[in-house]
Amino acid sequence: KHREQWFSIVAGGKKPEKKELSVADLEATIKTNIDSITAENGFSVIIVCCSSDQQANYWQQRLEDGRGSLLPTSTLVLSVSEDWDGGAGNALGTLFAFQNAAALAQSRSGVDLEAMVREGKCSVGMYHTAGKGTRLAPLPGAENNNKPGVKVPLSVKVGSELVPMTILEAVIKQTSSYAASRPGRLSVFWGDQVFIPTVPVEYTVGHHVDILCSLGPMPSEEVWMAKGMDKYGLIAQSTTGEAAQVEKVSHATATELLSGLGSISSVGVSLGSFSVSGPMLFALLSEFSAELSARQGKLDSDPHLWMPLTLPKEGYIELMKAKDMTAEQSGAHFDRMASFLDRFKENLAGVGSGSLGLFGPVDVGQGVYWWDYGQLKLYQRNAMLLAEETSEASLMRRFFGITEDTGSRVVNTDTSRVTVDTSSCVSNCNLGVPGDSECGYVRGSVLCNVNCKYIEAEGCILINVTAERICAKPGSIVYNVVDTHGERGLDMVEGQVMTGVMSGDGSQLIMNSSMSTDGGKAWKTVVAGNPKSFEDVYKSNSTADPLSLQNVIKDKHREQWFSIVAGGKKPEKKELSVADLEATIKTNIDSITAENGFSVIIVCCSSDQQANYWQQRLEDGRGSLLPTSTLVLSVSEDWDGGAGNALGTLFAFQNAAALAQSRSGVDLEAMVREGKCSVGMYHTAGKGTRLAPLPGAENNNKPGVKVPLSVKVGSELVPMTILEAVIKQTSSYAASRPGRLSVFWGDQVFIPTVPVEYTVGHHVDILCSLGPMPSEEVWMAKGMDKYGLIAQSTTGEAAQVEKVSHATATELLSGLGSISSVGVSLGSFSVSGPMLFALLSEFSAELSARQGKLDSDPHLWMPLTLPKEGYIELMKAKDMTAEQSGAHFDRMASFLDRFKENLAGVGSGSLGLFGPVDVGQGVYWWDYGQLKLYQRNAMLLAEETSEASLMRRFFGITEDTGSRVVNTDTSRVTVDTSSCVSNCNLGVPGDSECGYVRGSVLCNVNCKYIEAEGCILINVTAERICAKPGSIVYNVVDTHGERGLDMVEGQVMTGVMSGDGSQLIMNSSMSTDGGKAWKTVVAGNPKSFEDVYKSNSTADPLSLQNVIKDKHREQWFSIVAGGKVPEKQEGGDVNGIDRILNVAGNDCCVDCGAANPDWASINLGILMCVVCSGVHRSMGTHITKVRSLALDVECWKGELLEFMCSVGNASFNASWEACVPKGTRRPQTNPSNAVLRNYFITRKYQKRAFMFNDDIDELKVVTLKTQEVRKLGGKDSSMFHKWQTRNLTLTSDGKLYYSKSGAGIADSQGIIYLKSPGQPPADFEFGPKKDSKGFTFNIPTTDRGEHNGRTFYFSCDNEVDCIDWIEIISSMILGKVVPISKRIISPLELEVTSLMREFQEGTNNSSILREGNLLQKVGNAWTSRYCTLTAEALFVSDSDKHDSARNITAIPLRVLYMDRALPRDPVESAAFAQWHPVTYEAATFALWGPLSFHALAAKSEAEKNEWIAVVEGAMKK
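Residues numbered from 1 in each chain as written. Predicted model: local features only at pLDDT ≥ 70, side-chain atom pairs only at ≥ 80, totals over all residues. Heavy atoms only, no water.

**What to know about the overall build of the protein**
For the record, the criterion: Helix and strand definitions here come from DSSP, where helices need a minimum of 4 consecutive H or I residues and strands a minimum of 2 consecutive E residues; each element is numbered from the N-terminal end. The rule is simple: take the accessible area with a 1.4 Å probe, protein chains only, and divide by the maximum for that residue type; under 20% is buried, over 50% is exposed, in between is partly exposed. We call two residues in contact whenever any of their non-hydrogen atoms come within 4.5 Å of each other. Here the open area of atoms and residues is found with the Shrake-Rupley method and a 1.4 Å probe, where only the protein chains shown may cover a residue.
Across its full length, the protein holds 44 helices and 69 strands. In the protein, which comprises 1517 residues, the proportion classed as buried is 55%. A separation of at least 24 residues holds for 60% of the contacts in the protein among residues at least 6 apart in sequence. Accessible surface computed for the protein: about 64000 Å², of which carbon and sulfur atoms make up 50%.

**As for empty space enclosed by the protein**
Note the cut-off: A cavity here means a set of 1 Å grid points, computed over protein atoms only, where a 1.4 Å probe fits but cannot escape. A pocket is an open set with protein on both sides within 12 Å along at least 5 of 7 lines, and lining residues have an atom within 4 Å of a point. Grid points are joined across faces, edges and corners, and a volume is the space filled by probe spheres set on the points. Residues were grouped as follows: Ala, Val, Leu, Ile, Met, Phe, Trp, Tyr, Cys and Pro as nonpolar; Asp, Glu, Lys and Arg as charged; and all remaining residues, including Gly, as polar.
Tallying each qualifying case throughout the model produces 10 cavities of 30 Å³ or more. Considering only enclosed or pocket space, the largest cavity measures out at about 100 Å³ in volume. Looking at the lining of the largest cavity, the elements that each hand over two or more residues are α23 (694–697), β49 (1051–1057) and α34 (1089–1095). Its residues placed into classes, the lining of the largest cavity shows 10 nonpolar, three polar and one charged. Put simply, the second largest cavity is a space of about 80 Å³.

**A look at the packing of helix α3 (residues 53–65) against helix α7 (residues 167–175)**
For clarity, the threshold we go by: Convention adopted: a line fitted to C-alpha atoms gives each axis, helices being fitted over their contacting stretch, and angles between N-to-C directions are expressed from 0 to 180 degrees. Angular relationships are summarised with four words: roughly parallel below 35 degrees, roughly antiparallel beyond 145, roughly perpendicular across 65 to 115, and oblique for the angles in between. When the near helix sits turned anticlockwise from the far one by under a right angle, the crossing is termed left-handed; a clockwise turn instead gives a right-handed crossing.
It is at 12 Å that the axes of α3 and α7 come closest, and there the two elements cross at 50°. As far as their axial angle goes, α7 and α3 are oblique. The interaxial crossing formed by α3 with α7 has right-handed handedness. In this structure, α3 contributes W59, R62 and L63 to the contact, and α7 contributes L168, E169 and I172. Each residue belonging to the contact of α3 with α7 can be placed in one class, and the counts come to four nonpolar, no polar and two charged.

**Structural notes on the sheet that holds strand β51 (residues 1159–1161)**
Rules: Strands were regarded as paired on the criterion that DSSP finds at least two bridges between them.
Here three strands make up an open sheet; going across it, the order is β52-β51-β53 and the pairing antiparallel. What marks the edges here is a single partner per strand, and that holds for β52 (1166–1168) and β53 (1186–1188). For this sheet the average axis-to-axis angle between neighbouring strands, irrespective of direction, equals 35°. Pairing between β51 and β52: three bridges, direction antiparallel. Residue pairing across strands places W1159 opposite M1168, the latter belonging to β52.

**Observations concerning the packing of helix α37 (residues 1170–1179) against helix α40 (residues 1234–1245)**
Relative orientation of the contacting elements α37 and α40 amounts to 50°, with a least axis distance of 10 Å. Relative to α40, the element α37 is oriented oblique. Crossing handedness for the pair α37 and α40: right-handed. Along its contact with α37, which presents V1171, C1172, V1175, H1176, S1178 and M1179, the element α40 presents R1237, N1238, I1241, T1242 and Y1245. In terms of residue class, the contact of α37 with α40 is made up of six nonpolar, four polar and one charged.

**Here we look at the confidence of the model for the protein**
For clarity, the threshold we go by: Residue-level confidence of the predictor is what pLDDT reports, using numbers from 0 through 100.
Put simply, the protein has an average pLDDT of 83, and 89% of its residues get 70 or more. Considering each helix and strand of the protein separately, the mean pLDDT is smallest for strand β66 (residues 1466–1467), with a value of 38, and largest for strand β21 (residues 477–482), with 96. Residue range residues 1123–1133 is modelled with pLDDT below 50. Its contacts to residues more than four positions away, or to other chains, number 21 contacts. Confidence over residues 1379–1383 falls short of pLDDT 50; this stretch has eight contacts with residues more than four positions distant or in other chains.

**Some details on the pairing of strand β23 (residues 496–502)**
With seven of seven residues buried, β23 lies mostly within the body of the structure. Of the two faces of β23, the one carrying Q496, M498, G500 and M502 and the one carrying V497, T499 and V501 are both buried. In terms of strand pairing, β23 meets strand β24 (residues 508–514) through seven bridges, oriented antiparallel. By the bridge assignment for β24, V497 is matched with S513. Remark: five residues form the turn of the hairpin made by β23 and β24, two consecutive strands paired antiparallel; G506 in that turn has positive phi of roughly 90°.

This is the structure we're talking about:
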């Protein structure tokens, strides 16, 4: 008003007219708008509303692949199906699509879309694409009804390919410019209209609803009629900024209807696209919840939302008569919307948010460029605009990224063989073939993805066309056509339109039309030259999957182009030379680095002990074998009789996920679902009978059998294991497989002869060596009837068969169509996240019961890919009846149907089902599963073949120096150039001419004299070795002195170490098959291989590796010193070691009490025995870091020495074993029981179970433990009584109830009164109760009670449960806690006391870094404490007030460790209620050290993180 009045004064009473912008000004604004469009400035969430699930799948994949070029890289894409009978209209359709998209965001990505909109954290763009596209026919039919997928003749990068841009992508590109102005809003656009505003696009939002329109002054009645404004929907804005909508009305009617607005400042045609605020969106969702839930009704935004919200009732009723609504209907709807508006305003007032108006315009300017692709004539007009010389054409080319700086509109196309005029736009084409010239011309045309040998194109549009010859006259369009007419090619007359409609089998239907034909009017008509109508094509496309069809279309274009280039023949694949193959293999090998592996490694082992070993071994190998950040998860198979590799894989993944959560707080399932990790699983279970006797020497740890090369594990060079070699090689597949589980076998290394990186195309893929489908003769000659085979069709899909003839394979695979290649399967496979979780769900019953045995090939891949009859016939060879195999086939068929249905429901179906991953022909495959293969592969290292050279390259033996000797002094022995020698001591100082090594492989060998020829020696310590060709010595510590080892040709000798250091020598020969001789006592042996396997059944390879290491070291010291073990070496602080040993309590193991411990935990300041050190290693270095007093002598000096002397076992256990229940079974109770030892130590350190006393309210009777066990029936221990399943329940009043399975204590069969006077404790039962098939404990009773001295026998499935029962029962009988008295106050405790005194005196308060209240867990309660952090310590008061006079606990920072979270259990207490009135998952963390553990919690995650940051900073300093 001020501005208008001042203009009036200056102009002498007249308001000046608005200055019209020049064409140059308009163009400058448009260019600015266009240039502001970049991939990184778009909407943070894109919702595409499609006509079908198949189309939703297509757009989900297409737009995700387009992130970074079309969309911001972080955009969340959510494609959903309209899924509303009869259509919902764009109002209900918008709301329904948002609901579905929010559900998809939650299920697919864990994103709460509604919360993000409410909080203004995202901008959401929604695109409506549903509809048949009748007036655009026949183009949508050529896209299999995917109307928004119709292409424009420009290329865009999607994934790694240049492909034609779609109409929808052009719309998304243009509308992205509004994203920056609309956080917290939903913007709705139509998927076939591109417009370029002539005013700046950025604006300040002023209304809950705003709508795009082209505004101008309110015209006179004459201008109104002249512009045809009575034919459009219009937006009118008042001088207040508020607006209203009218539709197809006269000037007089509009004036009357809009009178309520006041003075009208501007009016314009609506573009229909609108945006709504978060409050308006959620209010509308609530208002129409009934319609949305029932999926009934049809409402459009303009007539059913904006008009009743902005017009008077009488006028609205009058307008709606034109839409066949009665006055009653429109009046009722108006009243509903008026009530809605009242509630909306009331709710806004209630939350203090009402700064926005209701409804306003967003001006796109006068003369806006509006490119509508909804009709064929408009499509042609817009496409041909690219070849014009107008201002609009120039701006369109600018929008589509065609820069004209070079004067050419040709992109990614060689035009040297054709003449292209300057007006034509040509993108990503092959025009002419090499060797030809003068291959035609292109004039005034637009071409994209055209492949042809000869072309004459004038004034036409050609998109996705492959033909030998093209002659296209002005006005013609050729779209998605693969022409197979040879030299005849395509002859297009003026205005002719030709499209190709592809089917899944690769057949093509040609549909014609003309520019004078209106597809809408001719929809049901069979146009001349067509086999069917446009409607018929639409119906036949109804179930088409455009995502899979795009690959079929791509293949057909490629095959036809190959045929044209090759003169009618598809060229054969070029055979690679040996040099080419070797170059590829070298590239594959060199790409293997420690940092390129899987982000998660799962090892499936035969036992818990082996799982502990691999957990520690692989964690120590991070940085040299694995990425430093790899999460290692080793689990036991734990399935009676074996699960088979299918159920075994699923069970191992379940167990690994649980371990990841409990050990590291990682949600492995979520990481896989979200594609945030690549997971490699390695199956290692099995006895290894055919590799005997080597696995026995590794205490049954078959994957731990060594290869004769060294690798760095922790700080040591040790022989590499077979499993580590497998992990090293297979790591090269990790980069291609995020969000997938890859499954490998732990004894096979293979080196592909083709590049290993690939694009995943299937939910299941399997490694195989592919080649062309052979003839029957070749099939038999290659013995292909003896293998599992993978066959791939030309569509890319595959199937699996096993051990069949050529004829049977041909019949079984007929359903695939044309077979392009066949190859032997390697068995290793990978599955997508959706497939993995679907299989886990399908077999949940088997997994829960741990019953059944299923393998992946015969029980998963074959029934999923073969016909039923053929599958049933094949499974007869596996002893399955027709009924069994038929039932299993039906089960898997139902599974597949549900899998596909679920994929469609979440908009993810871009992958095929089952496909091959080719490893190439002539792949190098090093199998270590048999002794003869092990020898062959190990000796390959000493050969001079191409394969041998590549193997050495794989294992890191560089031959630049002409030597294959690594980390070994060979000055005293003669080593020939062929031998591989790694990390050995050969000869002793002072000696010379200590023998020779010829054509052999040696690793970690220590000897005084050696004669080795053509042999394998690994981990051998002997004074003298004489090994003949073909012999193997493995893990032997020889004690025969100068006699040493004399190995005859082909002899195999191994040493099997026991926990007490005794050794069993086992012999074999290269002519002995361990599998066949498994139960036989081979000559010279004290027992059979099977006997060794059984005696190793409870062996712990983790602790035994230290025993073995010590034995080799002692023997080598003895050899070097002439028969005596030398004193500790100089160089370390020997006096320092003595100081450590003299600390109180350090004369015995901190855990089991064994005398003279010689291993240390350097972060806890304690000593332990060698056996307990193995358990410590298994817990991980985040808890305890283990070093040897004897071996790591360089450690014991400086700060570490002082720390070790400041703690000690006595002081440590005074805190860490302060509250050990009396019934606890300590390792010294049963020293040989590895499970008991492991259980005690892990509870002590991982759970801190013995630091605090969990008080129980003795006035309340509560259940302490209940479990289903087996009880020996009868009143004595007679062998004739049976074991019966019973429910055992212990209550806090000392009563032990036993009842029938499923019954409670009210229905118990009997009670054992544990608090009876003289009641003995429970104990292990080592007697004749082995028929219980479990682990047994007994409970003797007093002869004065009702049971008259009877002993009860119970059995559990696992030993830990058995130990748990013994401890809890014995603690109930004996009392609560063993009191521990400190023998001496340690220096660290004195330091803590000194720090507390200084703090209370105020002498160290000057360096306060942070102070305030935290919660501390004291007993079972959380209590508020005032905490003060200084540079030296964290001081915790026993009050919630700052008072240095109060009791203070000091936690010194220099010996402090931090856990960033405690188990997140809901906590209820008065202190928590003060901060949080409801049950709260605390923002917890813990600080702990050698003498204390402190569980703390902050008010919030943010405050917790602040405390942690300050504490960690102080700890580092």
